[in-house]
Amino acid sequence: MLKINGERLWASLMAMAEIGATARGGSCRLALSDEDKAGRELFAHWCREAGMTLSVDAIGNLFARRAGTDPDAAPVMMGSHLDTQPEGGRFDGVYGVLAGLEVVRCLNDLNIQTRKPLEVAVWTNEEGARFTPAMFGSAVFTGIMDLNAALAVRDINGISVAEALQRTGYAGDRPLGGAVDAYFEAHIEQGPILEDNAKSIGVVTGGQAIRWLDVRVEGMAAHAGTTPMPLRKDALYGVARMIQAIEGLAADFAPEGLTTVGELSINKSSRNTIPGLVNFTVDLRHHRDDAIAAMEQQVRARLQAIADGRGLNLTITPHWISPATPFDAECVAAVQEAVDALGYAQQSIVSGAGHDAIHLARYCPTAMVFIPCVGGLSHNEAEDVLPEDVKQGTDVLLNAVLARAGRIEQGA
């Protein structure tokens, strides 16, 4: 079994982390920002040094290609993203991109060619921190989202995706989509399971179902000092009860069921005014589609009962639905065979977060490799990983990709 140069990969990760570095040791490279552009350009420089050719499609996805011996073969693709949260970590996404590059560097070092071409993809706007929805680079690539719809999205400052692509020079002309033999993505787990179980590798079998809901609760704004409590239609007090109900719902679907209220806003809030209109978001997750459908039904029923009891008007609108996504059995087996042969501590795991691999799995055979992150912490400047886990995860990626792409020794 082949092994990568762990010190070289770690040095590349640290060099990339300097672009958009934050005061508390994290990274800020919002999608299609100057920092994101600089990160892409550093990656592109390294790829050219490794003998790869570069192309960019209309949504700004960047692809670095290492030719195979079969010019007609579809590529085996690796990758992830370089954009981050506003106060993100140094490894979320970037690890998968630079692990793919390290696979190519290692094959160059060993003078090994592959029958199928290899490509490393940098997907645009995976995080969704600047433009929503998240993961629309891979969504447009796979046909899940319309290109023009994505180009029309604007950030909080009114800048459209199309404008940002033009400004950064990443409005490319590579045709969207195209044949992909298989896609492998290495990523930090972004949760505590692997670390808690003392495992270095997660063999990811698929992604869980996700449903985002937008909730609007309307009561009546009134004076805080002159309106008796029994006569109030306080939207915020009603929302407080609703949030409690949403938290309690998770226990009914434990351990896989997860509920989160991540955003809450009081319309025209004032210290001495009873809140008349509140909006909040609900994030539901479960491994199974039937269970998450039942969770949504329960959210609607329980919140409506609270609204009715308090004389409030309730509107619940679906924002985004991502069904449970199993990964390809052969690709998962390639990862499993690689980790077994390498002898690394591992377990099967379902991805709790959304990834570009979830979109790719509906387009081509796909699998993921997880490594632990310290304390299960991600989307935080303190996000951290162990260098040995970084190396082992990339060793697994290398051997799984090589098995899929077909190893050809120089002169064979």
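Values in this document were obtained by computation on a predicted structure and should not be read as measured data.

Leaving glycine out, the prevailing phi sign among residues is negative, and the prevailing peptide bond configuration is trans. A cis geometry characterises the amide bond from Thr 132 onward to Pro 133, with omega recorded as 5°. Inspection of the secondary structure puts Pro 133 in the loop between β5 (118–122) and α4 (136–142). The omega angle of the peptide bond from Ala 254 to Pro 255 is 0°, so this bond is cis rather than trans. Summarising the element assignment, Pro 255 is placed in the loop between α8 (235–252) and β10 (258–260). In this model, Lys 268 sits at a positive phi of 50°, which is unusual for a non-glycine residue. Examined against the element boundaries, Lys 268 turns out to sit in the loop between β11 (264–266) and β12 (273–274). Its relative accessible area of 74% is what places Lys 268 among the exposed residues. Even without a glycine there, the phi angle at His 379 is positive, about 55°. Along the chain, His 379 falls in the loop between β17 (366–371) and α12 (387–405).

So, about the UniProt feature "domain: Peptidase M20 dimerisation" (unreviewed entry) in the protein. Under the UniProt annotation, the feature "domain: Peptidase M20 dimerisation" (unreviewed entry) is placed at residues 210–306. With 37% helix and 30% strand, the stretch residues 210–306 has end C-alpha atoms that lie 24 Å from each other.

Packing of α8 against helix α9 (residues 289–310) leaves a shortest axis separation of 10 Å and a crossing angle of 150°. On the basis of their axis angle, the class for α8 and α9 is roughly antiparallel. Seen along the crossing, α8 lies across α9 with a hand that is right-handed. Contacts between α8 and α9 involve Tyr 237, Gly 238, Arg 241, Met 242, Ala 245, Ile 246, Gly 248, Leu 249 and Asp 252 from the first element and Met 295, Gln 298, Val 299, Arg 302, Leu 303, Ile 306, Ala 307 and Arg 310 from the second.

What follows deals with the side chain of Glu 127. Checked against the element boundaries, Glu 127 lands in the loop between β5 and α4. Buried charge without a salt bridge: Glu 127, with Arg 29 as the nearest opposite-charge side chain at an N-O distance of 8.6 Å. Within the local environment of Glu 127, its side chain forms a polar contact with the side chain of His 379, the two groups lying 3.2 Å apart. Not counting residues within four places of it along the chain, the set of residues in contact with Glu 127 comprises His 81, Asp 83, Thr 84, Gln 85, Asp 92, Ala 134 and His 379.

On to the packing of helix α3 (residues 94–109) against α12, then. At a minimum axis separation of 9 Å, α3 and α12 run at an interaxial angle of 60°. Judged by the angle between their axes, α3 and α12 are oblique. Note that α3 runs across α12; the crossing there is right-handed. Contacts between α3 and α12 involve Tyr 95, Ala 99, Gly 100, Glu 102, Val 103, Cys 106 and Leu 107 from the first element and Asp 389, Val 390, Gly 393, Thr 394, Leu 397, Leu 398 and Leu 402 from the second. Along the lines of polarity and charge, the residues of the contact of α3 with α12 split into 9 nonpolar, 3 polar and 2 charged.

Relative to the assigned elements, Phe 327 resides in the loop between β15 (325–326) and α10 (329–342). Residues Phe 327 and Pro 275, 52 residues apart in the sequence, show an inter-C-alpha distance of 46 Å. Leave out the neighbours within four places in its chain, and Phe 327 touches Val 204, Thr 205, Gly 206, Val 332, Ala 357, Ile 358, Ala 361, Thr 366, Ala 367 and Met 368.

Now for the pairing of strand β16 (residues 346–351). Side chains of β16 alternate between two faces, with Gln 347, Ile 349 and Ser 351 buried and Gln 346, Ser 348 and Val 350 left unburied. Across 6 bridges, the pairing between strand β7 (residues 201–207) and β16 is parallel. Within β16, the residue paired with Gly 206 across the bridge is Val 350.

Take Glu 381: it is sitting in the loop between β17 and α12. A relative accessible area of 9% means that Glu 381 is categorised as buried. Among the polar contacts listed, one links the side chain of Glu 381 to the side chain of Thr 22, at a separation of 2.7 Å. Residue contacts for Glu 381: discarding those within four places in its chain leaves Thr 22, Ala 23, Arg 24, Gly 25, Gly 26, Glu 87 and Gly 88.

Using the criterion set out here, one finds 8 aromatic pairs in the structure. Aromatic side chains Phe 63 and Phe 141 sit 5.6 Å apart centroid to centroid with 40° between the ring planes, which places their arrangement in the tilted category. On the criterion of sequence distance, the pair formed by Phe 63 in strand β2 (residues 62–66) and Phe 141 in helix α4 is long-range, its members being 78 residues apart. In this structure Phe 63 comes out as buried when scored by relative accessible area, which is 1%. Taken together, a centroid distance of 6.4 Å and an interplanar angle of 45° make the contact between Phe 131 and Phe 136 tilted. The two residues Phe 131 and Phe 136 agree in class, both being buried.

What counts, and at which threshold
All residue numbers refer to positions counted from 1 along the written sequence of the respective chain. In keeping with the model being predicted, local features are shown solely for residues with a pLDDT of at least 70 and side-chain atom pairs are shown and tallied solely at 80 or more, while totals for entire chains, interfaces and linings include all residues. The side-chain values count all of the structure's non-hydrogen atoms but skip hydrogen atoms and water molecules. Only DSSP runs of H or I reaching four residues or more are called helices, and only runs of E reaching two or more are called strands; each is numbered from the N terminus. Under the scheme applied here, a residue whose accessible area is under 20% of the maximum for its type counts as buried, over 50% as exposed, and between as partly exposed, the area being computed with a 1.4 Å probe on protein chains only. UniProt positions are given in the numbering used here, feature names are shortened, and annotations may be inferred rather than shown by experiment. Helix axes use the C-alpha atoms of the stretch in contact, all axes being lines fitted to C-alpha atoms, and the angles between their N-to-C directions lie in the range 0 to 180 degrees. Angles are sorted into four bins: roughly parallel if under 35 degrees, roughly antiparallel if over 145, roughly perpendicular if 65 to 115, and oblique for all others. Throughout, a crossing is termed right-handed when the near helix is turned clockwise from the far one, and left-handed when it is turned anticlockwise from it by less than a right angle. In this analysis, two residues are considered to be in contact whenever any of their non-hydrogen atoms come within 4.5 Å of each other. Only four residue types enter the charge count, namely Lys and Arg as positive and Asp and Glu as negative; His and the chain termini do not. Note on definitions: salt bridges are taken to be side-chain nitrogens of Lys or Arg within 4 Å of carboxyl oxygens of Asp or Glu. N or O atoms within 3.5 Å of each other form a polar contact, as long as, within protein, one can give a hydrogen and the other can take it, and as long as residues adjacent in sequence are counted only when both atoms are side-chain atoms. Throughout this entry, Asp, Glu, Lys and Arg are counted as charged residues, while Ala, Val, Leu, Ile, Met, Phe, Trp, Tyr, Cys and Pro are counted as nonpolar. The remaining residues, Gly among them, count as polar. Each pair of strands is called paired provided DSSP finds at least two bridges between the two strands. Each aromatic pair joins two rings of Phe, Tyr and Trp (for Trp, the six-membered one) with centres within 6.5 Å, and gets the label stacked for planes under 30 degrees apart, edge-to-face for over 60, and tilted for any other angle.

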